[in-house]
Amino acid sequence: MKTAHVIGWALPMAISLGGCYNEVDLDSYRTPDGENLLVINSILCPDSAVRVAATRTYFYSDRRPEREYVPGLDMELTVNDTPAGRLTFDPATRLYRSDVVPSEGDRVRVSTVWQGKEVTATDSVPRHVSIESVRVERQGPTQYYWHNDYIFTYYVTFSEPPGPGNYYFLKYDGWGDGLYGNMEERNYTYEYVFQQLAHRVQQSRPGWEPYSPLGLPFSDQGIDGTTHTLVLKEIVQGGYFVDFSRWTVMHRRFRLYAISEAYYRYLVGMLCADSYDDSLSGGMVNIGLVEPASVFSNIIGGTGIMASYSIDEMEIDAMEQVGPFPD
């Protein structure tokens, strides 16, 4: 009934909007400030040397088959307000490179001059937060999609450092023995921090639900300074031709990224601006019922993102905790 209701709402709305289109001359929106703006992108972490991509912007309607990288920049690196040399352009990777590997807590800054204007990017590498334990429970067989589905619930515990303004990204995935036991459908909706994320995203995208096979960001809002246990689910589908007796291992890997505020704001902005999913809110962006959200940038004098993270991970074999599937 829910699907029928959505279709019933969307169809007359689409019909009513059918005559509301106008031709727009995009060239009238070209501005000198927007043309050839320098784009700086860099992701910092404590196990990798500093790398920076520098590209140029282009107008939306112009055909650009690939990024236009900008060589020849005089790009300076500063760590904790101390000069750390210049980055050199590598023609093979088309990235600016340094041998400097930042540490947790370091404040990193790169700066250059583009068309007479200084362009700077700054971010601080967060300290990693350890996963203390991962516990798993299994429910089933039960009716979810099929009569013999199983629901695995994972409890991922970590201690959130005291003080507001900590940000994270969680990813969980898995692999089996090459044929059985690969990660199936993820479900984030039971977890408090992702409910908070949904509340924020829904201000721009009504109806958005927390889901991504690539992981999701969250903040310490409501869990600041506590030992918190994330509740995550995996839906393992049965069906008439699934033989769970062949599942001998279920390796699962949980990655907890401590990310900078800039990284968090950028990722949330990407979620709010995404119009390419199948959700109702994505469709509303496409037909103009919801305003597209701007994506965060912390590049002064240009655009792009300098972000940073530190990571901790833990791997388990779920079968060791829950045992083999029932006969």
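Given the structure is predicted, the values throughout are model-derived calculations rather than measurements. (Residues numbered from 1 in each chain as written. Predicted model: local features only at pLDDT ≥ 70, side-chain atom pairs only at ≥ 80, totals over all residues. Heavy atoms only, no water.)

## Considering the nonpolar core
- With 51 residues, the main nonpolar core has Phe152, Tyr154, Phe194, Phe218, Leu232 and Phe254 as its most contacted residues.
- Top contributing element to this core by residue count: helix H3 (residues 261–273), with seven residues.
- Contacts of Phe254, omitting those with residues within four sequence positions, involve Ile131, Val134, Tyr154, Val156, Lys171, Tyr172, Leu232, Asp312, Glu313, Met314 and Ile316. (Core = buried A, V, L, I, M, F, W, Y, C linked by side-chain atoms within 4.5 Å. Buried < 20%, exposed > 50% of the residue type's maximum accessible area, 1.4 Å probe, protein only. Helix = DSSP H or I, 4+ residues; strand = E, 2+ residues; numbered from the N terminus. Contact = heavy atoms within 4.5 Å.)

## Structural notes on the confidence of the model for the chain
- For the chain, the average pLDDT comes to 86, and 81% of its residues sit at 70 or higher.
- Across residues 1–19, where pLDDT falls below 50, the model places seven contacts with residues more than four positions away in sequence or in other chains.
- Counting interchain partners and residues more than four positions distant, the pLDDT-below-50 stretch residues 280–289 has 19 contacts. (pLDDT = per-residue confidence, 0-100.)

## Some remarks on the sheet that holds strand S15 (residues 299–300)
- Spatial ordering of the open sheet is given by S12-S10-S14-S16-S1-S2-S5-S4-S3-S6-S7-S15, a layout of 12 strands whose pairing is mixed. Either end of the sheet is taken by a strand with one partner, and the two such strands are strand S12 (216–219) and S15.
- Two strands pair when backbone bridges link them, and strand S3 (residues 75–79) and strand S6 (residues 107–114) are joined in this way by four bridges, in the antiparallel orientation. The residue bridging Leu77 from the neighbouring strand is Val110, located in S6.
- Packed on one face of the sheet, helix H2 (residues 192–201) meets strand S10 (167–175) and S12 and runs near 95° to S12.
- H3 contacts strand S1 (38–44), strand S7 (117–124), S10, S12, strand S14 (251–259) and strand S16 (303–317) of the sheet and is inclined by roughly 125° relative to S12. (Pairing = 2+ DSSP bridges. Axes fitted to C-alpha atoms, helices over the stretch in contact; angles between N-to-C directions.)

## A word on H3
- The end-to-end C-alpha distance of H3 is 18 Å, a good match for the 18 Å that 13 residues give at a rise of 1.5 Å each.
- Those residues of H3 lying buried are Ala262, Tyr263, Tyr264, Leu267, Val268, Gly269, Leu271 and Cys272. (Expected span 1.5 Å × (residues − 1).)

## Comments concerning the pattern of salt bridges
- Applying the stated rule across the entire model yields 10 salt bridges.
- As a salt-bridge pair, Asp90 and Arg97 come within 3.5 Å of each other at their nearest N and O atoms.
- Classification of Arg97 by relative accessible area gives partly exposed; the value is 30%.
- With a closest N to O distance of 3.3 Å, Arg253 and Asp173 form a salt bridge. Of the two residues, Arg253 sits in strand S14 while Asp173 sits in strand S10, which places them 80 residues apart along the sequence. Considered together, Arg253 and Asp173 belong to a single accessibility category, that of buried residues. (Salt bridge = Lys/Arg side-chain N within 4 Å of Asp/Glu carboxyl O.)

## Comments concerning the side chain of Asp123
- Relative to the helices and strands, Asp123 resides in strand S7.
- One polar contact links Asp123 to Ser260, side chain to side chain, over a distance of 2.6 Å.
- Those residues within four positions of Asp123 in sequence are excluded, and the remaining contacts are Leu44, Asp106, Arg107, Val108, Ser260, Ala262, Met306, Ala307 and Ser308. (Polar contact = N/O pair within 3.5 Å; in protein donor to acceptor, adjacent residues only side chain to side chain.)

## What to know about the pairing of S3
- S3 sits mainly inside the fold: four of its five residues count as buried.
- Sheet topology places S3 next to strand S4 (residues 82–90); four bridges connect them, and they run antiparallel. Each residue of the ladder has a partner; that of Val79, found in S4, is Thr82.
- Taking the residues between adjacent antiparallel strands as the criterion, S3 and S4 are bridged by two residues, where Asn80 takes a positive phi near 55°.

## Quick look at the sheet that holds strand S13 (residues 227–236)
- Reading across from one edge, S8-S9-S13-S11 is the order of the four strands in this open sheet, with antiparallel pairing throughout. A single partner strand is all that each edge strand has here, and the edge strands are strand S8 (131–142) and strand S11 (185–187). Strand after strand, the sheet turns through a mean of 25° between neighbouring axes, direction not considered.
- Judged from the 10 bridges that link them, strand S9 (residues 149–159) and S13 form a sheet pairing that is antiparallel. Counterpart to Thr157 in the pairing with S13 is Thr229.

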